[in-house]
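Listed here are the chains, written in short residue letters.
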Amino acid sequence: MTDRVSSFESLLREALAPVEPPAALALRLEGTLTSITEMAADELEAWELGAMRDPRNWARPAAAVVVGSAAAAGLVLLRARRRAQENPPDLLSARSAAERSLRDLSEQTRRLLARRGI
Amino acid sequence: MADRDSPKTKAQLDAEFADLYRAHLRDVYSYAYYRVGNHHDAEDLTEQTFLQAYRHFERAQRESRGRPLRPWLIRIAHNLAANLYRDRSRRPAAPIEDTSELTALHTTEQLVEGREELSRVLEGVRMLPDDRREALIMRFALGMDNREIARALGRSDGATKVLIHRAIKQLEEIVSESPPDPVRAGGHNSSTGTPGEGARDD
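What this report covers is the structure whose coordinates are included nearby. A quick note: this is a predicted structure, and the numbers were derived from the prediction, not measured. (Residues numbered from 1 in each chain as written. Chains lettered and ligands numbered in written order. Predicted model: local features only at pLDDT ≥ 70, side-chain atom pairs only at ≥ 80, totals over all residues.)

### Quick word on the overall build of chain B
Under the convention used in this document: Put simply, DSSP H or I for four residues or longer makes a helix, DSSP E for two residues or longer makes a strand, and each gets a number counted from the N terminus. The exposure label follows from counting other C-beta atoms within 10 Å of a residue's C-beta, where the C-beta atoms are placed from the backbone and the thresholds are 20 or more for buried and 12 or fewer for exposed, leaving partly exposed in between.
If you tally the helices and strands in chain B, you get nine helices and two strands. Overall, chain B shows an N-to-C arrangement of helices and strands of α-α-α-α-α-α-α-α-α-β-β. Split into buried and exposed, the 202 residues of chain B put 36% on the buried side.

Below, the structure written as structure tokens:
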């Protein structure tokens, strides 16, 4: 029984002998794989060079910094102007109010002293 | 940071893939040939298998954790062959049988020539269900062990062992039930419409 099985498996092994690929296939396949490998390497290299050396890739960050700085500076100026526009009237009015108060106070003091004959 | 490491890693991967290709070109081609039955489709299948393998090589290496990658390669070929059969089954103008010419201009044909018994074995292999046929191709044409075949077929080791056992048993029955056919020696197989095995008993 075992011999028969072994014999049949030997027969099967012989019938299903490995098949050598045609030389043309190996050449074609190696050529294809080589070109794909090289293409991938070129693309990778191009990407790296582009990222590291192409000034166009620097433009956006630089522009972002400039715009950001300008925006910040503009914001500071805008706030300063707003304060300048808002605060002086307040200060002036406060100063004038104080001046008015002092004038009123001195006027009232002078009237009081005049009434008492001083 | 990882991008700076890519060229070196890629070079290593390419070198390792080249080793894999050299080591298993014959395996993939043998599997493809016995699977699809003709050189033309076997060449296409082999080419597509390696192209797809190249695309996913890094991941396969990472996930294999040092285990042999041959089952993974054969699994790719297995899936591509299934796609080929599925696509062709949707196109009646190009039936699968038309491409089944395992014997045409083939080294095995030369081996089989004059060996009616071997031709009946090959014919029997073609008559097996797909999973049994594939398991036998992997075992006897590629010399894969049960574990490798299990990985290639996505089955457990135990299930694979049973599969192979049943495949051999069924094949033996097929071969024993098909006595030598003198008509086949005439060069045509009436059951499949394919060229005969070229048996020349005279």
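### Regarding the packing of helix α7 (residues 130–141) of chain B against helix α8 (residues 146–153) of chain B
All names here are of chain B. For clarity, the cut-off: With axes taken as lines fitted to C-alpha atoms, and helix axes fitted only over the stretch in contact, angles between N-to-C directions fall between 0 and 180 degrees. Here the angle decides the label: under 35 degrees means roughly parallel, over 145 means roughly antiparallel, 65 to 115 means roughly perpendicular, and every other value means oblique. Should the near helix be turned anticlockwise from the far one by less than a right angle, the crossing is left-handed, and should it be turned clockwise, the crossing is right-handed. Throughout, a pair of residues is in contact if the C-beta atoms placed from their backbones lie within 7 Å.
Where α7 contacts α8, the two axes come as close as 10 Å, and the packing angle between them is 135°. Taken together, the axes of α7 and α8 are oblique relative to one another. Read as a crossing pair, α7 and α8 show a hand that is right-handed. Residue-level inspection shows Asp-131, Glu-134, Ala-135, Met-138 and Arg-139 of α7 in contact with α8, the latter providing Ile-149, Ala-152 and Leu-153.

### Observations concerning unusual backbone geometry
Notably, B:Arg65 is not glycine yet its phi reads approximately 50°, a positive angle. Residue position: B:Arg65 is located in the loop between α3 (57–64) and α4 (70–89).

### Here's the deal with the packing of α8(B) against helix α9 (residues 157–177) of chain B
Residues and elements named next belong to chain B. Selection criterion: Charged residues are taken to be Asp, Glu, Lys and Arg, nonpolar residues to be Ala, Val, Leu, Ile, Met, Phe, Trp, Tyr, Cys and Pro, and polar residues to be all remaining types, Gly included.
At their nearest, the axes of α8 and α9 sit 9 Å apart, and the two run at 100° to each other. Between α8 and α9, the angle falls in the class roughly perpendicular. Residues Asn-146, Arg-147, Ile-149, Ala-150 and Leu-153 of α8 form the contact with α9, whose own contacting residues are Asp-157, Thr-160 and Lys-161. Grouping the constituent residues of the contact of α8 with α9 by class yields three nonpolar, two polar and three charged.

In short, the description is geometric, and any link to function would need to be established separately.
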